[in-house]
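Secondary and tertiary structure notes
One letter stands for each residue in the lines below.
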Amino acid sequence: MIQLNNVFNNENMKCIASGGQYFIYEHQRDLSVTPWSATTDYFMQQMNVKKRQLLVQLNNSACKMQAGAMQWVAGNVQATSGIKSAGGFLKNAIKGAMSGESAVKPEYSGQGFVMLEPTYKYLLIEDVGAWGSGMVLDDGLFLCCDAGIQEQINKRQNLSSAVLGGEGLFNLCLSGQGYAVLESPVPREELFEFNLQDDVLKIDGNMAIAWSSSLQFTVETLTGNAIGSAASGEGLVNVYRGTGKVLMAPTTGQSPVMSTVNGPETTPTSSQGIAGSVASSLLNL
């Protein structure tokens, strides 16, 4: 039996959201300050730049997460790599390269607790089953999910939608029943949620962080012709058509301060490329 002190009863750590076996804790103040960092830490706290941690409470259940995300484990919890063969590792490595996620996602199962490393990113708990056939994620958002959630690589219908839309040729798609935790560049309070019923959503830029796999994604001119788009000053827009849901970040929230220690390193461009396309075809992803 393990008793946790100064975790659940810590006044400085507030549980701000929960879902399934996941609990998001937010450090209300950074208490480990020095005279030289006190001013910066004070204004960070005032502007809601706070450390957040995800606690997974396993109850004869399992979860998988980004490699290197775990901070501590307590209880009768077993950890496995999730890789059963060299071929499986190669396949996961290629999937990771295409989707911007880590190649290996360790799996934790049993009875106990798993606490993830602190991050300045905003954490979102999503019910994957509520997204219907699946939810497609922008690169680098995945942090953790139930072990029963299926992962696939979502391919663009054409190369032009990836190149012009700035979303990449491949994205990670989660499907099934259970919960997933995402690292968002903005808090949930700033996210716009669009629920489409045989309708169309047009966004100027790659501001969508997640969308239903049932939606058709294309890149089009806003007015339907190049001359009209040039006159309007809007140019090309990302178009989501059909029935489903879209989560959109109205601001990017990107800065060096907002980096995270949980996720893999990412490049400014979105994964993906001709080499990834060829590899995908060879492995029949």
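Reference entry: report on the structure contained in this document.

The rules behind the values
- Residues numbered from 1 in each chain as written.
- Predicted model: local features only at pLDDT ≥ 70, side-chain atom pairs only at ≥ 80, totals over all residues.
- Heavy atoms only, no water.
- Helix = DSSP H or I, 4+ residues; strand = E, 2+ residues; numbered from the N terminus.
- Buried < 20%, exposed > 50% of the residue type's maximum accessible area, 1.4 Å probe, protein only.
- Contact = heavy atoms within 4.5 Å.
- Polar contact = N/O pair within 3.5 Å; in protein donor to acceptor, adjacent residues only side chain to side chain.
- Salt bridge = Lys/Arg side-chain N within 4 Å of Asp/Glu carboxyl O.

Moving on, we get to the environment of Gln150. Position of Gln150 among the secondary structure elements: in strand E9 (residues 150-155). The partly exposed category is assigned to Gln150, whose relative accessible area is 38%. Linking Gln150 and Gln177, residues 27 residues apart in sequence, is a C-alpha distance of 9.0 Å. Discounting chain neighbours no more than four positions away, the residues touching Gln150 are Cys173, Leu174, Ser175 and Gly176. A distance of 2.6 Å separates the side chain of Gln150 from the backbone oxygen of Gly148, its partner in a polar contact.

Further remarks concern the pattern of salt bridges. Tallied over the full model, the rule gives seven salt bridges. Glu26 is the partner of Arg52 in a salt bridge, and the nearest nitrogen-oxygen pair spans 3.1 Å. On the criterion of sequence distance, the pair formed by Arg52 in strand E3 (residues 52-65) and Glu26 in strand E2 (residues 22-27) is long-range, its members being 26 residues apart. Glu26 shares its class with Arg52; the two are buried. Of the charged contacts in the structure, one is a salt bridge between Lys51 and Asp30, with a shortest N-O distance of 3.9 Å. With a gap of 21 residues between them, Lys51 in the loop between helix H1 (38-46) and E3 and Asp30 in the loop between E2 and H1 connect regions that are remote in the sequence.

Next up on the list: unusual backbone geometry. Despite not being glycine, Asn6 has its phi angle at roughly 65 degrees, a positive value. Classification of Asn6 as exposed rests on a relative accessible area of 51%. Positive phi values are uncommon outside glycine, yet Asn48 reaches one of about 65 degrees. Tracing the backbone shows Asn48 in the loop between H1 and E3.

The values are spatial; any link to function lies outside them.
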